[in-house]
Amino acid sequence: GTQGLSGWLSHGSASAVDSSPVSMVTQYLSLCGSGTGSGADDDSDSAKTTSLYVFNSAQDHREYFAGAEGDPSLVQHRVDVGDILHVRELLDERTGLRSIQMEVASRDDSGTVTSSHVKVIQASSNDEHTQWLVALRGVVEEAQSAGTSMLDRDGSAGRAGRGVGVKKHHGMFVAEGINLSG
């Protein structure tokens, strides 16, 4: 299994259609798998799911993963990688800062995508940025190719996992209208 990736990163959220500035906050992020999941994915191929966790501190991160049953109050936010629709690298030409933009699905109780929102994360160095970009793209592509939470063309959660049209976006995009305020 994978060890995961963790560290202090700036992150923020925005509406997928809104071009207002993204308010960024620095917290401890962790990309790692959980052994059992919540039991909600009974039809998945394996019980292991990978998620992006947000903690207030490295201590909260250690405490959460130290025991088999982590205290959910330590997690400020969690995104299942199966809900990440796209991962893009952004470059702010004005500042030269690179960031990672993820389009994340919001689902109703039946698993149908009702909307999406944008999560932006920004590392403190180019090396750390590259590590997170490669890791996020890898786990998202793995989840998509395995059929976990893949989307059919009508927006409903697909179960087959093969022949489902999900576009993969690679490369760098120039960030227009995104203000990464620290």
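Residues numbered from 1 in each chain as written. Predicted model: local features only at pLDDT ≥ 70, side-chain atom pairs only at ≥ 80, totals over all residues. Heavy atoms only, no water.

(A) Summary view of the overall build of the protein. What the protein contains, in helices and strands, is 2 helices and 12 strands. Mapped from its N terminus to its C terminus, the protein presents α and β elements in the order β-β-β-β-α-β-β-β-β-α-β-β-β-β. Put simply, 53% of the contacts in the protein that link residues at least 6 apart link residues at least 24 apart. Of the accessible surface of the protein, which amounts to about 10,100 Å², a share of 47% is contributed by carbon and sulfur atoms. (Helix = DSSP H or I, 4+ residues; strand = E, 2+ residues; numbered from the N terminus. Contact = heavy atoms within 4.5 Å. Areas by Shrake-Rupley, 256 points an atom, 1.4 Å probe, with all protein chains shown as cover.)

(B) Structural detail: the pattern of salt bridges. In this structure the tally under the stated criterion is 3 salt bridges. For R107, the salt bridge identified is with D83, shortest N-O distance 2.6 Å. One end of the pair, R107, is in strand β7 (residues 98-107); the other, D83, is in the loop between β5 (75-80) and β6 (84-91), with 24 residues separating them in the sequence. On the accessibility criterion, D83 (18% relative accessible area) is buried. One salt bridge in this structure joins R98 and E89, with 3.6 Å as the shortest N-O distance. Residue classification places R98 among the partly exposed residues on the basis of a relative accessible area of 31%. (Salt bridge = Lys/Arg side-chain N within 4 Å of Asp/Glu carboxyl O. Buried < 20%, exposed > 50% of the residue type's maximum accessible area, 1.4 Å probe, protein only.)

(C) Main features of helix α1 (residues 58-66). Those residues of α1 that fall on the buried side of the exposure criterion are A58, D60, H61 and Y64. One side of α1 carries all its buried residues, which in axial view fall inside an arc of 160 degrees. (Arc of directions from axis to C-beta.)

(D) Region of the structure containing the packing of aromatic side chains. Taken as a whole and assessed by the stated rule, the structure comprises 7 aromatic pairs. A ring pair is formed by Y53 and Y64, whose centres lie 5.7 Å apart and whose planes are at 50 degrees; its orientation type is tilted. On the criterion of sequence distance, the pair formed by Y53 in strand β4 (residues 49-55) and Y64 in helix α1 is long-range, its members being 11 residues apart. Judged by relative accessible area, Y53 falls into the buried class, the value being 2%. With relative accessibility at 17%, the residue Y64 sits in the buried group. Among the aromatic side chains, those forming a connected cluster through ring pairs are Y53, F55, Y64 and F65. (Phe/Tyr/Trp six-rings, centres within 6.5 Å; stacked < 30°, edge-to-face > 60°.)

(E) Main features of helix α2 (residues 126-146). In a regular helix each residue adds 1.5 Å, so 21 residues correspond to 30 Å; α2 covers 30 Å between its end C-alpha atoms and thus fits that length. E128, H129, W132, L133, L136, R137, V140, A143 and Q144 are the residues of α2 that are buried. The arc that holds every buried residue of α2, seen down its axis, measures 155 degrees, which confines them to one face. Structural note: α2 exposes D127, V134 and E142 on the side pointing more than 90 degrees away from its buried face. (Expected span 1.5 Å × (residues − 1).)

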